Structure formats: C-alpha cells, structure tokens
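Below, each chain spelled out in residue letters.
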Amino acid sequence: MIKLALFILFLPLFSFVFQIFSFRRFEEKKGEWVSVGIQFVTLILSLVMLGMMLSKSDPNFSLELHQSWLDLGLFKIDLGVYIDNITVIMLVVVAIISSLVHLYSTAYMAGDVRYSRYFGFLGIFTFSMNGIVLANSLFMIYIFWELVGLSSYLLIGHWWEKDSAANAGKKAFITNRIGDIGMFTGMLIIATVLGTFNFQAIAERIHDGVWAANAGMLFGGIEPHKLLTIAGVLVFMGAVGKSAQFPLHVWLPDAMEGPTPVSALIHAATMVAAGVYLTVRIFPFLTADAMATIAFIGGFTAIYAATIAITQNDIKKVLAYSTVSQLGYMVMALGTGAYVAGFFHLVTHAMFKGALFLASGSVIHAMHHSLHHLNDHETDPQDMRNMGGLRTKMPITFGVFMVTTAAISGIPLFSGFLSKDAILAGTWTYAAIVHDGWLAHLHLAWILPVFGFGAAAITAFYMFRLIFMTFYGEAKQPQIFKHIKESPKVMTIPLIVLAILSMFFMFTLPSVNPISDHGWFTTVVQSPESAVTTGPAFDLEHFEHGMHKAHVPAMVTSIFVAGLGILLSVLVYLLNKISAEKLAAKLGALYRGSYNKWYMDEFYINGIIRPFLKGCNAVGRFDLDYYDHYLINGWGRNTKRTSKGVGMADDLIVDGAVNFAGIIFQWLGWTLKFIQTGKIQNYLIFVLIGAALLYVVNVF
Amino acid sequence: MDHLSSYLVLSAILFSLGLYTVITRRNAVAILMGVELILNAANINFVAFSKFVTHNLDGHLMSVFIIMLAAAEAAVALAIVLNLYNDRGHINVDEANALKQ
Amino acid sequence: MADFIFWVIWALIVASAALVAFGNNLIHSVFALMGTFLGVAGIYIFLNADFLAVTQIVVYVGGILVLLVFGIMLTNQISTAQISQSSVQKGLGLVVVLGVAAIILTAVLPHDWVGSTLPMEFTDTVTGIGNLLFTDYLILFEIASVLLLGALIGAATLARKEL
C-alpha cells in the first residue's frame with residue numbers, strides 16, 4: 001500500500017517533468033495524452049487503495065513510512081508517508097478530480113499558446129497536493145503546502161499577458177504567505193516544545209504530558225494550555241490563507257482569472273480544501289479555545305461570503321464566493337468538533353463544486369466560441385447578464401448544473417444534503433451542550449447555528465439565482481444565443497461522472513437511506529479523541545451523544561431554510577414576482593456592500609497597503625532629506641575639510657621629511673657607488689672586514 | 001691527538017686557506033675547491049666538538065647533512081660554471097661583473 | 001705511534017690545502033685537494049667517526065672531486081698537463097684572511113671547552129646516526145631529499161645548452 005501511495009505521489013511529478021522538458025517537441029496538441037494517461041493510472045491506483053481500505057473497513061487503520069531527512073544531533077527532521085483512511089479518501093478525491101480535469105482540459109484548452117506547459121503545471125500541482133495528503137509531519141506538509149501555492153500561482157497566471165491574471169497570481173501568492181507565516185511560527189512552537197513535527201508523535205507527546213512539562217520552561221513561564229491554543233491557532237492560520245477564510249479570503253475570487261478547469265481543480269475541489277485537511281490533521285491537539293476560534297472564523301466566512309455571492313454577476317465569481325462560503329462551513333464543522341461532518345463535506349463539496357466549475361467552464365466555452373464566431377471581443381463571456389435560456393442549447397451541462405446545485409443547496413437525495421446537515425447538527429450541538437472555549441464563555445455559541453442556517457438559506461438562493469439567470473428565461477443576447485452549442489464529449493463526460501458522484505448513495509453504500517449519512521464513509525472515518533491533557537478540550541463522547549439528538553431538528557430546519565432560499569429565488573428570478581432591481585434599491589446600502597464584497601479589497605488597499613506605502617515614503621523622505629543630507633553628506637563635508645588640513649600638514653611636514661631622507665640617500669649613493677665593483681670577491685672581502693670590525697667592536 | 005685544540009687549530013687553518021682561495025682565485029672551479037675546504041673545516045669542528053664536548057652524535061648528523069649539501073652545491077655550481085663557459089668562453093669570476101652595469 | 005700518524009696527517013692536510021690555495025697549476029691543486037679530503041677522512045677516524053670517514057671518501061673523493069675534474073676539463077682547452085691559473089688581490093686577501101684567522105684563533109683557543117670531562121670514545125656511530133636520522137632529524141632528512149631532487153633537476157636544467 002505504501003508502494004502504491006509512492007507511485008501515486010511521484011507519477012504526476014513525472015508528468016510535469018515530461019511536459020516541461022519536452023514542450024518544444026510537443027508544441028500544440030501532441031503531448032497531453034502522457035499527462036492524461038498518468039492521471040488515469042494514478043486514479044486506478046488510488047481506487048485500488050480505496051478498495052483495499054474498504055475491504056478492511058477498520059477505522060483505526062494506519063501505515064507509516066519514515067525516512068530521516070535532516071539529522072543535526074538534537075534536532076531531527078523525518079520525512080515520510082502516513083496513510084490512514086482519510087489519506088486514502090483524499091487521494092481518491094484528488095485523483096478523480098485531477099484526472100477528469102486533465103481530460104476536460106484537452107478540449108477546453110485546445111489551441112492555447114502554452115498548452116503543454118499548462119499540463120506540466122497541472123502535473124506538479126497534483127504531485128504537491130498528493131504530497132500534502134500523504135505527509136506524515138507538519139514539516140513535510142509545509143514543503144508541499146508551498147509547492148501547491150507555487151503551482152496555484154503559476155496556473156492563476158497562466159494567461160499572464162492579461163494584467164488582471166498576473167496580479168491575481170501575485171495576490172494569491174502573497175495573501176497565502178501571510179497565512180503561512182502563522183503556520184510556520186506555530187509549527188516551530190510545537191517543534192520547540194515537543195521536538196518533533198510528526199503528527200502521531202505530537203499527539204502522543206501532548207497526551208503524555210510532555211507539553212505541560214516543557215512549554216512553560218521554554219516560553220517564559222507561559223501557561224502550557226494557553227501556548228497550545230496559540231500554537232493551534234497559528235498553525236490554523238495556514239489553513240486560513242489556503243482555504244480562503246476571512247480575512248484572507250480575498251485572493252480566491254481573483255484567482256478565477258485562471259483557466260476554468262484550474263479553478264475547478266485547485267480553487268474549488270482540492271487545494272483550497274488542503275487548509276481543511278490540515279485542520280483535520282491537527283484536530284487531535286486543538287484546545288477548546290482554539291476550536292472556538294476556528295469555528296467562529298469558519299462560520300463568519302460561511303455567511304460573509306454567501307452574502308457577497310448573491311449580487312455577483314460573473315458566473316465564476318458566484319461560484320468562487322460559494323466556494324469560500326462552503327470552505328467556511330467545513331472549517332466551522334471542525335471547529336465545533338463535527339470532525340466527520342467537516343471532512344465529509346470536504347469530499348462531497350469537491351465533487352459537486354468541481355462539477356459546478358467544470359459546467360460553468362462548459363458554458364463559458366460555449367459563450368466564448370459563439371463570441372468568437374461573431375468576432376465579438378468586447379462582451380464578457382462570463383457575465384450571466386449575457387446568458388439566459390441556455391437549457392435548450394446545452395442540455396447535458398444544464399442537467400449537471402441542476403444536480404450539483406441541488407447538492408450544494410442541501411436538497412435531499414444529493415450528497416450535499418447529508419454533509420451539510422451533519423455540519424448544521426454539529427453547530428446545533430455545539431450551541432446546546434459545549435461549555436468550554438471562549439464562544440461558550442461569552443454566551444455566543446448560538447451564533448454558529450445562525451451563521452450555518454443563514455448561509456444555507458443564502459446558498460440555496462444564490463445558486464438557484466445562477467441557474468435561473470443562466471439557463472432559464474429568454475436569451476438576453478439573441479445573436480450570441482444562436483451560436484451556442486453543447487460542449488464536446490471530453491468535456492461533458494467528466495461533468496456526468498462528477499454529477500453521479502454528487503448523488504447521496506455514492507457515500508452511503510451499502511445502506512440506501514436518503515436522510516442518514518450512515519454508510520461506508522462514516523464507518524471508516526471516525527472522529528479521533530482529543531490528545532489535549534493540559535486543559536479543556538474536545539469531548540468526543542459527550543459531543544456524539546449531542547449530535548445524535550440534534551440530528552433530526554437540524555435536518556428539518558435545514559430543509560426548511562433551503563426551501564425558503566429556493567422559493568425566494570424562484571419568485572425573484574424565475575417568475576419575476578419580485579423585481580430584483582427594486583429589491584436592490586430597497587436594500588440600498590446592504591446591496592451595495594454585498595456587490596462590492598463589503599469593501600474588503602478597498603479596506604486592504606486603503607487601510608493597510610496605502611498607509612504602509614505612505615509610511616515607506618515618509619521614511620524614505622526622512623532618509624533622503626535628513627539622514628542623507630545632514631548625516632551622510634555632512635559627514636562628507638567635514639571629512640573634506642579635515643582632509644584639506646591634513647593635506648597641508650602632509651605637504652609640509654611628512655613630505656619634507658621624506659624628501660630629506662631621499663636627499664640623504666642620494667648623497668650616500670653618490671659617495672658609496674665607487675666601492676661597487678661588481679666583482680664578487682671584492683664584496684666578500686668587504687663582508688669579512690665588516691665581520692672582523694663587528695667582532696673587534698664587540699670584544700674590546 | 002687527544003686535545004680539542006689540535007683539531008680546532010687544524011680546522012682554523014683549513015678554513016683560512018679555503019677562504020683565501022675563494023677570495024683570490026680567478027678560476028671558478030678553483031673557487032669551488034676553496035668552498036670545499038671551508039666546508040671540510042666546518043665538518044672537522046662539528047665532529048671534534050661531538051667527541052670532546054657534547055658527547056652525542058648530533059654533530060655527526062650535521063656533518064652528514066653538510067656533505068650532502070656540498071654534493072648538491074658542487075653539482076649545481078658546476079652546471080652554472082658550464083653555462084658561464086658556454087656564454088663567455090672563460091670562467092674567470094672577476095670578469096663576470098655584469099651586475100655593475 | 002698513533003700520535004705520530006696523527007701529526008703526519010695533520011701536516012698533510014695543511015700542506016695540501018696550502019697547495020690548493022697557492023699553487024699555480026690547476027691540476028696540481030685538484031690533486032692536492034684529494035690529499036686534503038683523504039687527510040680529513042683520517043682525522044675523522046681519530047675522532048671515532050667511522051661512518052663519516054667512509055662517507056667523506058665516497059662522496060668527496062669519489063664524487064665531488066671527479067665533478068671538479070670534469071669541470072676543469074670541460075672549461076679548458078687541454079693540450080698539456082699544465083693548466084696555469086692566476087689570482088687577484090693577493091695582498092689584500094692575505095691580510096684579510098690572516099686577520100680572520102687571528103680572530104678565530106684568539107676567540108676559540110683560550111676558551112675551556114672541555115672542562116674536566118673525558119673525550120667520548122664512540123664504538124659504532126652508524127646505528128646511532130641511522131636512529132637519529134629517522135627520528136629527531138626526520139624532517140631535515142626529508143627536506144634534504146627534496147633539496148637533492150631540486151639540485152638534480154636544477155643542475156640538469158642549467159647544464160643543457162639550449163637554456
């Protein structure tokens with residue numbers, strides 16, 4: 001199984017190397033079959049692993065492979081591969097999405113200027129993502145974490161001729177860096193106290209009280225439990241960056257500048273889920289306070305991004321904010337302790353959001369071709385206001401969109417319903433029974449279900465808004481509409497596969513109960529016990545008991561709020577009973593705020609970047625006007641003056657002395673040159689006479 | 001023969017004769033002979049002091065090295081002399097005063 | 001008897017060295033030098049330096065002297081056995097050398113070097129020299145070997161016509 005995992009890890013790297021070093025030979029559309037083939041091989045391998053895992057059905061199954069990487073005596077870093085059920089499921093998810101996206105891209109990216117480079121970058125991304133999934137230590141995860149960041153940067157900026165794409169790449173990279181600083185600091189704190197980066201070893205040592213024993217001594221008498229909270233939140237900062245949680249979410253919507261299949265693979269299904277995966281990995285050593293922080297950030301992100309998604313007109317922007325919102329859901333679930341629900345939502349979301357992005361790519365592709373046909377380069381192919389009525393022209397894409405929208409909105413019979421319901425039950429339970437953590441202490445725990453259910457209603461609303469605007473109604477641009485065609489098979493087949501994977505039974509087999517998530521998934525994925533012994537932490541038994549009770553009321557409420565959202569959407573966008581413009585005008589400031597993403601980018605630019613640059617300028621001016629002018633130049637002037645004085649002294653005294661010495665020696669040379677005969681024997685006699693004189697002088 | 005002074009006097013005489021040869025001879029090979037005399041004088045002193053004063057073999061070692069050095073010096077010096085001869089057709093040292101110009 | 005032989009050798013050395021210094025015939029000088037070398041070898045025997053005596057004969061008489069003869073023969077047109085040689089600055093040289101000799105003798109002779117100790121009678125110096133050569137004097141020995149190599153190469157290089 002380890003060998004299989006290593007194959008899965010390194011095959012995509014080979015694909016990258018092949019594409020990068022052979023792109024001249026395989027210019028245009030010739031070399032992609034290598035990458036696509038490799039992806040399908042990894043898919044088969046990971047499905048084999050999944051089969052092996054399911055045949056065991058052991059929730060505690062795990063394998064680990066160590067390799068010492070850096071050994072500095074007291075400080076050691078091991079790299080290695082850790083495989084448990086979660087790893088295998090993640091590998092399968094990555095392999096499915098990645099291989100389908102590869103297949104899809106052969107049509108979507110056909111004729112692109114950097115076709116083989118695109119496939120190469122997809123390869124290195126898949127390699128790094130598998131690295132994150134397989135990592136056995138924080139350190140190794142960090143290595144691959146930066147690698148996915150890099151490949152994300154490269155792929156967002158794939159069309160770097162466009163300024164907006166190049167800027168989006170930079171924004172994504174830099175914003176992620178901010179989170180990564182926190183993650184790295186957290187990692188170092190953990191490694192300093194425990195002397196290891198390995199997940200298993202960290203949990204064990206914390207459980208055995210090493211943390212309680214060492215933390216205070218190493219960090220100036222800080223209370224160990226507090227330090228563990230700090231470390232947990234710091235490591236979670238990495239997830240905030242990568243999973244686009246508030247306040248570092250700003251890069252993800254901009255990342256939509258990348259090719260749409262990339263958005264599906266990286267910015268919807270896998271990479272952004274890496275943050276959630278990291279949180280899953282560090283879950284056993286999160287304290288109650290850290291979990292409250294995580295839950296709050298996740299919940300706030302969920303509703304915050306959902307409110308923005310309502311008013312966006314760009315089809316990909318809507319999906320991007322929806323992704324942010326759903327990621328917030330997962331993070332909130334982990335924060336509340338609904339570990340299985342969080343990871344479950346990660347997997348189901350990967351499927352339906354991947355499908356949504358690929359389907360939107362299909363729409364954009366069709367729009368693009370139609371515009372191309374009309375020689376129209378002004379109209380935005382991604383703007384939903386230019387679409388409408390597409391369901392007759394693109395039936396397969398429409399069908400997939402319907403299925404996956406149903407899934408994300410939490411309609412029964414689809415996968416999203418199960419996972420979302422579990423998360424909502426988790427928040428419900430958290431609000432009802434958990435007494436630890438600052439949220440509970442401030443009596444704010446009820447805010448999490450509010451966030452959760454609110455976001456669920458809004459999600460249903462904006463997703464159906466998207467469907468109605470794109471596929472229903474009259475065509476808003478008849479000429480464009482005329483030339484719209486369904487996408488080719490290599491694009492629609494991945495859509496259909498992912499739509500099937502968004503059905504509820506894919507995750508509950510062998511049982512087929514549409515309202516219960518009981519099945520293979522919940523058998524192999526089970527919440528770990530908290531390893532924290534220093535203070536209040538997650539109480540598994542208590543929580544699961546509560547979950548059980550909260551299940552039914554949460555489900556009923558969630559169906560109700562989703563229905564509410566859909567109803568409103570139908571009224572506004574399908575039946576036009578309520579005018580969207582009037583509603584917007586009535587809501588005024590709220591509408592403008594949502595439309596402008598609550599001015600978050602403006603806040604960063606005006607509140608942080610501009611003042612910072614201003615500060616830089618001020619410091620620069622200070623340097624130039626004062627420091628340079630008075631200190632440096634003044635020093636120069638003084639030195640010049642001093643030099644002049646010293647120069648005069650030199651001329652008179654030192655030079656005089658030197659010249660005097662010169663004159664003496666000149667005179668001596670004139671006098672003594674007559675004894676230089678050039679005959680060696682004469683010299684010898686002089687030497688002897690000299691020696692004799694010395695002796696005589698010495699003795700007498 | 002059992003007095004150090006007899007050896008010292010011998011070596012002093014040998015040294016002086018060698019020195020005189022070095023100073024006065026015009027022929028470079030003859031000068032080399034003078035150098036050998038001087039080195040022999042030094043050797044006698046070393047060995048004599050070794051026997052009469054220090055009572056160990058360090059002096060002998062010095063003599064061994066001096067003999068070795070003399071051999072090397074003779075070889076190199078003769079090579080130089082031959083070059084001089086090839087260059088000028090004679091080996092008179094007092095005329096080899098190009099250094100003066 | 002031994003005393004007598006010692007003084008005969010002593011006189012031989014002084015006489016032959018004087019011939020080297022004052023002789024007019026270069027060939028005579030060279031052969032006189034052989035006498036000096038042999039005499040010094042004899043002196044070594046009186047000083048119990050058997051190894052040095054043998055080395056003196058082998059290296060000086062067998063090596064250096066032959067080299068010197070070669071040097072003479074290669075640098076003179078030999079028609080007769082008479083190769084005259086001349087000297088310069090004889091008077092000044094004599095004065096200076098006598099002065100130096102006087103200084104040496106006045107400096108060395110009055111000093112009591114020996115004190116009350118008896119002269120050391122070495123029986124076998126070869127073992128001792130060998131031991132010292134490879135222990136205390138090892139570095140010197142190695143340097144000497146490098147020096148000899150250098151001299152060998154240097155002499156060969158210098159002696160080539162097309163320098």
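Residues numbered from 1 in each chain as written. Chains lettered and ligands numbered in written order. Predicted model: local features only at pLDDT ≥ 70, side-chain atom pairs only at ≥ 80, totals over all residues.

Caption draft 1: Representation of the overall build of chain A. A tally of helices and strands in chain A yields 28 helices and 2 strands. Expressed as a percentage of its 700 residues, the buried residues of chain A come to 50%. In chain A, the share of contacts with a sequence separation of at least 24, taken over all contacts with a separation of at least 6, comes to 80%. (Helix = DSSP H or I, 4+ residues; strand = E, 2+ residues; numbered from the N terminus. Buried ≥ 20, exposed ≤ 12 C-beta atoms within 10 Å, placed from the backbone. Contact = placed C-beta atoms within 7 Å.)

Caption draft 2: Here's a closer look at the overall build of chain B. Each helix and strand counted, chain B has 3 helices and 0 strands in total. Counting all 101 residues of chain B, 58% fall into the buried class.

Caption draft 3: A look at the interface of chain C and chain B. Contact residues are listed per partner, giving 69 residues for chain C and 57 residues for chain B. Elements that contribute at least two residues to the side of chain C that touches chain B include exactly α1 (2–22), α2 (26–46), α3 (50–74), α4 (90–108), α5 (125–134) and α6 (138–159) of chain C. Broken down by element, the side of chain C that touches chain B gets its largest block of residues, 11 residues, from α3 of chain C. In terms of residue class, the side of chain C that touches chain B is built from 50 nonpolar, 16 polar and 3 charged. (Nonpolar A, V, L, I, M, F, W, Y, C, P; charged D, E, K, R; others polar.)

Caption draft 4: Region of the structure containing the environment of D2 of chain B. Residue and element names in this part refer to chain B. Position of D2 relative to the elements: it lies in the segment before α1 (4–24). Of the residues examined, D2 has 12 C-beta atoms within 10 Å and is grouped as exposed. Spatially, the C-alpha atoms of D2 and F52 are 8.9 Å apart, while their sequence positions differ by 50 residues.

Caption draft 5: Here's a closer look at the environment of E32 of chain A. Residues and elements named next belong to chain A. Following the sequence through the fold, E32 ends up in helix α2 (residues 32–56). By the C-beta count within 10 Å, which is 23 here, E32 ends up buried. With residues up to four places along the chain from it excluded, the contact list for E32 reads T106 and F119.

Caption draft 6: Expanded view of the environment of T522 of chain A. Residues and elements named next belong to chain A. Structurally, T522 can be placed in helix α23 (residues 520–524). Accessibility expressed as a C-beta count within 10 Å gives 19 for T522, which makes it partly exposed. A sequence separation of 181 residues divides T522 from A341, and the C-alpha atoms of the two residues are 9.1 Å apart. Once residues within four sequence positions are removed from consideration, T522 is found in contact with V340 and D517.

Caption draft 7: Seen up close, the interface of chain B and chain A. Taken together, the contacts link 7 residues of chain B with 8 residues of chain A. Split into classes, the residues belonging to the side of chain B that touches chain A amount to 4 nonpolar, 1 polar and 2 charged.

Caption draft 8: Main features of unusual backbone geometry. Residue and element names in this part refer to chain A. For the peptide bond that leads from F246 to P247, omega is 5 degrees, which places it in the cis range. At A244, a position not held by glycine, the phi torsion is positive, near 55 degrees. By the element assignment, A244 lies in the loop between α9 (224–242) and α10 (251–254). Residue classification places A244 among the buried residues on the basis of 31 C-beta atoms within 10 Å. At H443, a residue that is not glycine, the phi angle is positive and equals roughly 60 degrees. Inspection of the secondary structure assignment puts H443 in the loop between α18 (438–441) and α19 (447–471). The exposed category is assigned to H443, around which 8 C-beta atoms lie within 10 Å.

Caption draft 9: Spotlight on α1 of chain B. Under the 1.5 Å per step criterion, the end-to-end length of α1 of chain B is 30 Å for 21 residues, consistent within 8% with the ideal 30 Å. The element α1 of chain B is largely enclosed, with a buried count of 18 among its 21 residues. (Expected span 1.5 Å × (residues − 1).)

Caption draft 10: Molecular detail of the packing of helix α3 (residues 85–108) of chain A against helix α11 (residues 260–269) of chain A. Residues and elements named next belong to chain A. Relative orientation of the contacting elements α3 and α11 amounts to 160 degrees, with a least axis distance of 8 Å. As summarised for this structure, α3 and α11 are arranged roughly antiparallel, according to the angle between their axes. The way α3 lies across α11 gives a crossing that is left-handed. Touching I97, S98, V101, Y104, S105 and Y108 of α3 are T260, P261, A264, L265 and A269, all from α11. A per-class count over the contact of α3 with α11 returns 8 nonpolar, 3 polar and no charged. (Axes fitted to C-alpha atoms, helices over the stretch in contact; angles between N-to-C directions. Parallel < 35°, antiparallel > 145°, perpendicular 65-115°, else oblique. Left-handed = near helix turned anticlockwise from the far one by under 90°.)

Caption draft 11: Structural view of the packing of helix α4 (residues 115–134) of chain A against helix α12 (residues 271–282) of chain A. Residues and elements named next belong to chain A. Remark: α4 packs on α12, axes separated minimally by 10 Å, with the N-to-C direction vectors making an angle of 10 degrees. One element, α4, and the other, α12, form an angle in the roughly parallel class. Contacts between α4 and α12 involve M129, I132 and V133 from the former and M271, A274 and Y277 from the latter. The class makeup of the residues in the contact of α4 with α12 is 6 nonpolar, no polar and no charged.

Caption draft 12: Region of interest: the nonpolar core. With 218 residues, the main nonpolar core has I132, A274, V276 and A355 of chain A as its most contacted residues. With 20 residues, the single largest contributor to this core is helix α15 (residues 339–373) of chain A. Among the nonpolar cores identified, the runner-up in size contains 75 residues, and A41 and I91 of chain B together with V40 and I64 of chain C belong to it. (Core = buried A, V, L, I, M, F, W, Y, C linked by C-beta atoms within 7 Å.)

Caption draft 13: Representation of the confidence of the model for chain B within the structure. Residues and elements named next belong to chain B. Summing up the model confidence of chain B, the mean pLDDT is 87 and the portion of residues at 70 or higher is 94%. Mean pLDDT across the elements of chain B bottoms out in helix α3 (residues 58–88) (89) and peaks in helix α2 (residues 28–54) (92). Here the complex is predicted with pTM 0.65, and the ipTM for its interfaces comes to 0.89. (pLDDT = per-residue confidence, 0-100.)

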